[in-house]
Each structure stands twice: as C-alpha cells, then as structure tokens.
Amino acid sequence: MQRGEATDLFIRHFSFWPMLSEREKQLLCEHTQRRKYAAGENIFNDQSNCLGVLLVKKGQLRAYTLSEDGREVTLYRLFPHEVGILSASCALRAVTFAVFMDAEEDTEVLLTSSDVFQQLTAQNIYVRCFGYELASARLSEMLWTMQQILFMRADKRLARFLLKEAAQRRTDELRLTHEQIARYMGSAREVVSRLLKYFVQEGIVVSARGCLRIVDKKKLQALAG
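Rules used in this analysis
- Residues numbered from 1 in each chain as written.
- Predicted model: local features only at pLDDT ≥ 70, side-chain atom pairs only at ≥ 80, totals over all residues.
- Heavy atoms only, no water.
- Helix = DSSP H or I, 4+ residues; strand = E, 2+ residues; numbered from the N terminus.
- Buried < 20%, exposed > 50% of the residue type's maximum accessible area, 1.4 Å probe, protein only.
- Contact = heavy atoms within 4.5 Å.
- Core = buried A, V, L, I, M, F, W, Y, C linked by side-chain atoms within 4.5 Å.
- Salt bridge = Lys/Arg side-chain N within 4 Å of Asp/Glu carboxyl O.
- Pairing = 2+ DSSP bridges.
- Expected span 1.5 Å × (residues − 1).
- Polar contact = N/O pair within 3.5 Å; in protein donor to acceptor, adjacent residues only side chain to side chain.

A. Looking closely at the overall build of the protein. Helix and strand counts for the protein come out as 8 helices and 11 strands. Dimensions of the protein, computed from C-alpha atoms along their principal axes, come out at roughly 60 × 35 × 30 Å. For the protein, buried positions account for 47% of its 225 residues. Sequence-distant contacts in the protein: of pairs separated by 6 or more residues, those separated by 24 or more amount to 69%.

Right, dumping it as structure tokens:
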C-alpha cells in the first residue's frame, strides 16, 4: 500500500508509529493492504492461517467462539477506527486464544501482514508493547463478557446491551433483529424475545420488525444498574 494512504491512519491508531525507523515505516506500509469483506463473510476461524493486524476503516467485524452445542458466543466487535490484534495471534507467541471472526456488514480494513508485524515486534520494543497491551485489553474485555454471561441476570445484560448500542450508534432507534441481539449477547433468541416483550409492556422500548426504539432511557438505565 502506498505510504501516503496509510500514514494518517497509522499515526492516529498505532502509538508506536513515531518510534519506528524510516525503514520500519516503509516496511509496514509495503506490507499493508486494503481488504473488503462482504456482510456475513467469515474471515478468520480455527482452521485459518494467521490473518494479520486489522485496522477497521468502515463496517463492523465480530469475533466469537462456539460452545459445544454450536451456539455462538460473541466475544467482542470491532468498529471503524478500532484495531484487531488477536487475528494475528501467531505474531504474539503468548496469545494462543483462537477465535472466529465474521463481517457483520460490508467492511473495509487495512490488513498488515502477520509476518511483518512479528518482525517488528521482535526488533522494536514499542511495537511489542503495543501488541501486548492491545491483546491484554481485548482479553480483559472478553473475560468481562464471559462474567456477564455466567453471573449477570439476562434482563440486566439486555438493558446494558441496548444502552451500549444506542451510545455506539448515537441513536435510540436500533435496527437489530432478535436473532442478532441474542448472538451479540451470547443468549438464546427465545430469551431475548421474552425479555423484549416485557420491556415493551413496561414502556421501555417500542418494537417493530427488525427495529427497536428506546422510549424510556431512565427506566432502562435503572434496570441496567
């Protein structure tokens, strides 16, 4: 990829950029490419080769694991301007957690070669620290997700999810199906449908096909704790 196209994004999102030599900067740009993924496309799984470091330009990616019965448990999602490091776990030898990753919508990313990232981590302490700090933060997020699934009431989790989505999308109208919400929460569709029916009865949300609108945010915040 041409250096001018990537430099601005790297400066904003890769804290190690100022600490790279000119040769390292050139190496990073030369081995970074633009990739586009269609909505629903699986881009990484436990059978894949190491993918690399992802910087999302637009769209959304979802990382998840599978339970023994095949149920998907969402671990985290990547939105525009966020960096995915666990898809390059082979470049970070202490990280062995395997995840699946799908494009939730049409998505465009900058993808940096895992081999080059591994080379940079080996020779530059700032790149190595960046990688491990980002991986640690993501693993902590996944642990918090699992704790919620195991120990938090489903209605409280749903309330928190809806508030977080509204904040992320900057709108109280959420175009999400019950199936999507269940997948993101790591719950069953039947549970989500039952809880949303209760939320509607309580005047917290209004539900239409493929869409939810939060109408009483104070009640939702109280339920979220």
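B. The nonpolar core, seen in detail. Residues Leu-61 and Met-101 are the most contacted members of the largest nonpolar core, which totals 38 residues. Not counting residues within four places of it along the chain, the set of residues in contact with Met-101 comprises Glu-41, Asn-42, Ile-43, Phe-44, Leu-54, Leu-61, Arg-62, Ala-63, Tyr-64, Tyr-76 and Leu-78. With 23 residues, the next largest nonpolar core counts Ala-166, Leu-176, Met-185 and Leu-212 among its residues.

C. The arrangement of the pattern of salt bridges in detail. Taken as a whole and assessed by the stated rule, the structure comprises 12 salt bridges. Across the pair Glu-72 and Arg-62 runs a salt bridge whose closest N-O atoms are separated by 2.5 Å. With Glu-72 in strand E5 (residues 72–78) and Arg-62 in strand E4 (residues 61–66), the pair connects residues that are 10 residues apart, well separated along the chain. Residue classification places Glu-72 among the partly exposed residues on the basis of a relative accessible area of 24%.

D. Molecular detail of the pairing of E4. Across 6 bridges, E4 lies against E5 in antiparallel orientation. What sits directly across from Leu-61, in E5, is Leu-78. With antiparallel pairing between neighbouring strands as the criterion, E4 and E5 make up a hairpin whose turn holds 5 residues, including Gly-70 at a positive phi of roughly 90°. Pairing of E4 with strand E7 (residues 100–103) involves 4 bridges; the strand directions are antiparallel.

E. Seen up close, the sheet that holds strand E8 (residues 107–112). Read from one edge of the open sheet, 4 strands run E1-E8-E3-E6, paired in antiparallel fashion. Two strands in the sheet have a free side with no partner beyond their single neighbour: strand E1 (32–37) and strand E6 (83–84). Strand direction decides the pairing type here: strand E3 (residues 53–58) and E8, joined by 5 bridges, are antiparallel. What sits directly across from Leu-54, in E8, is Leu-111.

F. Spatial organisation of helix H4 (residues 125–151). Taking 1.5 Å of rise per residue, the 27 residues of H4 would be expected to cover 39 Å, and the 38 Å separating its terminal C-alpha atoms lies within 8% of that figure. At the N-terminal boundary of H4, the capping side chain belongs to Asn-124, with an oxygen 2.9 Å from the backbone nitrogen of Tyr-126.

G. A look at helix H5 (residues 154–169). Spanning 16 residues, H5 covers 22 Å between terminal C-alpha atoms, matching the ideal 22 Å at 1.5 Å per step. Those residues of H5 lying buried are Asp-155, Arg-157, Leu-158, Ala-159, Phe-161, Leu-162, Leu-163, Glu-165 and Ala-166. At the C-terminal side of H5, Arg-170 shows a positive phi close to 60°.

H. Fine view of the environment of Lys-217. Position of Lys-217 relative to the elements: it lies in helix H8 (residues 217–224). Between the C-alpha atom of Lys-217 and that of Ile-204, which follows or precedes it by 13 residues, the distance is 7.0 Å. Dropping the residues within four chain positions of it, Lys-217 is found in contact with Leu-163 and Asp-172.

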